[in-house]
Amino acid sequence: MDSLARALLPYRDVIGNVAGILTIAQFLSGCFTCNKIRHKGSSEGFSPLQFVFGCGLTVLQLKYSQMLRAAALIRTSSYALAICLVYSGWFLFYTPSSKRSDFWKLVMQTILLVGGALLYTGFEDPVLVKDRFGLLVTILTLCYIGLPLLKLGEVIRNKSSEGLPLPVILASTGASILWLLYGIILHNYFIIVQKVIALGLCAAQLSLFVIYPAPAAGPKQQKRKDE
């Protein structure tokens, strides 16, 4: 692995920048959900988890990136946080007043989780904090990447992968490969392990498109899409 890290070192900035672009593309996929909410005129039937939890996760990723002093990671986490904040605001705007309590409950839970984690970094032994905080961020990141698997029951029931976000999963796969290489360059085993497991999750999600292919659009469906 040391020889691979040395070979990749001259391309560190390029790998980090491209990985960052793919990660941002992964987060930008939330635009599709926001557009569906706009067309419906309400956020009812949609979950804010992707957006609100995304805000909390990117705050923690930003903190960990600062610990590593990795410019590419800091830049990517900052952009991702801004995007998730916009999405969360959009979701709240389209949430009826009577339904906003669930949204704020999730926000408070996320704040408590993030606040507790950040508070922990101030009290933990400086020698240990980077590894332990890295482990926490790794676990939460894997949970976020695996969110599409929450639709697994629906996919199996309908025998169709139509509800899965293929562009998101492809962007996540590409970003995971490049961040894996970036982790090797940094000799950071938390990033390496995180991205290896993330690739496994992405592979499992991509396999669903092979096992349960989405039905091809018929003439009526195609006409409706064109309109």
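Scroll up to find the structure.
Every chain is numbered independently, its residues counted from 1 as its sequence is written. In keeping with the predicted nature of the model, local features appear solely for residues at pLDDT of at least 70, side-chain atom pairs appear and are counted solely at 80 or more, and the whole-chain, interface and lining totals rest on all residues. To obtain the side-chain values, all non-hydrogen atoms of the structure were used and water was disregarded.

Q: An account of the layout of surface pockets is needed here, citing residue identities and associated values.
A: Leftover empty space is mapped by rolling, across the atoms, a probe with the size of a water molecule. Of the pockets and cavities examined, the second largest pocket occupies roughly 210 Å³. Only protein atoms enter the calculation, which uses a 1 Å grid: trapped sets of points that fit a 1.4 Å probe without letting it out are cavities, open sets showing protein on both sides within 12 Å along at least five of seven lines are pockets, and any residue with an atom within 4 Å of a point is a lining residue. What lines the second largest pocket is a set of 14 residues, among which Val52, Cys55, Leu85, Val107 and Ile111 lie closest to the centre. Think of it this way: any DSSP run of H or I at least four residues long counts as a helix, any run of E at least two long counts as a strand, and we number them from the N terminus. Elements supplying a minimum of two residues to the lining of the second largest pocket: helix H4 (49-68), helix H5 (71-93) and helix H6 (100-123). Tallying contributions element by element places H6 first for the lining of the second largest pocket, with six residues. Charged means Asp, Glu, Lys or Arg here, nonpolar means Ala, Val, Leu, Ile, Met, Phe, Trp, Tyr, Cys or Pro, and polar covers whatever is left, Gly included. When the residues that make up the lining of the second largest pocket are grouped by side-chain class, the tally is ten nonpolar, four polar and no charged. Grid points are joined across faces, edges and corners, and a volume is the space filled by probe spheres set on the points.

Q: Account for empty space enclosed by the protein, naming residues and giving values.
A: A complete count under the given rule lists one cavity of 30 Å³ or more for this structure. Around the largest cavity, the lining is made up of 22 residues, and of these Gln61, Thr141, Trp179, Gln194 and Lys195 lie nearest the centre. Counting residues per element, the ones that place at least two in the lining of the largest cavity are helix H2 (12-28), H4, H5, helix H7 (126-145), helix H9 (166-186) and helix H10 (189-211). Residue composition of the lining of the largest cavity, grouped by class: eleven nonpolar, ten polar and one charged.

Q: For a nonpolar patch on the surface, give the residues involved together with the corresponding values.
A: Together, Tyr11, Val14 and Val18 give the surface a local cluster of nonpolar side chains, amounting to about 280 Å² of exposed area. Here Val14 is to be found in helix H2. Since its relative accessible area comes to 52%, Val14 is described here as exposed. Patch construction takes residues with relative accessible area above 30% that form no salt bridge. Like charges are linked within 9 Å, and nonpolar side chains (Val, Leu, Ile, Met, Phe, Trp, Tyr) are linked within 5 Å. In this description, accessible areas are obtained by the Shrake-Rupley approach with a 1.4 Å probe, and a residue is regarded as covered only by the protein chains that are shown. In the sections that follow, a salt bridge refers to a side-chain nitrogen of Lys or Arg positioned within 4 Å of a carboxyl oxygen of Asp or Glu. Exposed residues in this analysis have more than 50% of their type's maximum accessible area, buried residues have under 20%, and partly exposed residues fall in between, with area computed by a 1.4 Å probe over protein chains only.

Q: So what's going on with the packing of H4 against H6? Which residues, and what values?
A: To define axes, lines are fitted to C-alpha atoms, for helices over the stretch in contact only, and angles between the resulting N-to-C directions are given on a 0 to 180 degree scale. With their axes 9 Å apart at the nearest point, H4 and H6 run at an angle of 15 degrees to one another. In this view, H4 runs roughly parallel relative to H6, as classed from their interaxial angle. Remark: the crossing between H4 and H6 carries right-handed chirality. Contacts between H4 and H6 involve Leu49, Val52, Phe53, Gly56, Val59, Leu60, Lys63 and Met67 on the former and, on the latter, Phe103, Leu106, Val107, Thr110, Leu113, Val114, Ala117, Leu118 and Thr121. Each residue belonging to the contact of H4 with H6 can be placed in one class, and the counts come to 13 nonpolar, three polar and one charged. Between 65 and 115 degrees an angle is taken as roughly perpendicular, under 35 as roughly parallel, over 145 as roughly antiparallel, and anywhere else as oblique. By convention, the crossing between two helices is left-handed when the near helix turns anticlockwise from the far helix through less than a right angle, and right-handed when the turn is clockwise. Note on definitions: a residue-residue contact is assigned when non-hydrogen atoms from the two residues lie within 4.5 Å.

Q: Could you give me a rundown of the packing of H4 against H5, with the residues and numbers involved?
A: Interaxial distance between H4 and H5 falls to 8 Å at its minimum, and their mutual angle equals 165 degrees. Overall, the two elements H4 and H5 adopt an arrangement that is roughly antiparallel. Crossing geometry of H4 relative to H5 is assigned as left-handed. Within the contact between the two elements, H4 uses Phe51, Val52, Gly54, Cys55, Thr58, Val59, Gln61, Leu62, Ser65, Gln66 and Leu68 and H5 uses Leu73, Ile74, Ser77, Ser78, Ala80, Leu81, Cys84, Leu85, Tyr87, Ser88 and Phe91. Broken down by class, the residue content of the contact of H4 with H5 amounts to 14 nonpolar, eight polar and no charged.

Q: Give a detailed account of the packing of aromatic side chains, specifying residues and quantitative values.
A: The aromatic pairing rule takes the rings of Phe, Tyr and Trp, using the six-membered ring of Trp, and pairs them if the centres are within 6.5 Å, calling planes under 30 degrees apart stacked, those over 60 edge-to-face and the rest tilted. If you walk through the whole model with that rule in mind, you get nine aromatic pairs. Seen in terms of ring centroids, Trp90 and Tyr94 are 5.3 Å apart; in terms of plane orientation they differ by 40 degrees. Their pairing is tilted. Tyr94 gets classed as buried once you look at its relative accessible area, which sits at 18%. Ring centres of Trp179 and Tyr182 lie 5.4 Å apart, and the angle between their planes is 85 degrees; this geometry places the pair in the edge-to-face category. In this pair, Trp179 and Tyr182 are both assigned in helix H9, three residues apart and thus about one turn of the helix distant.

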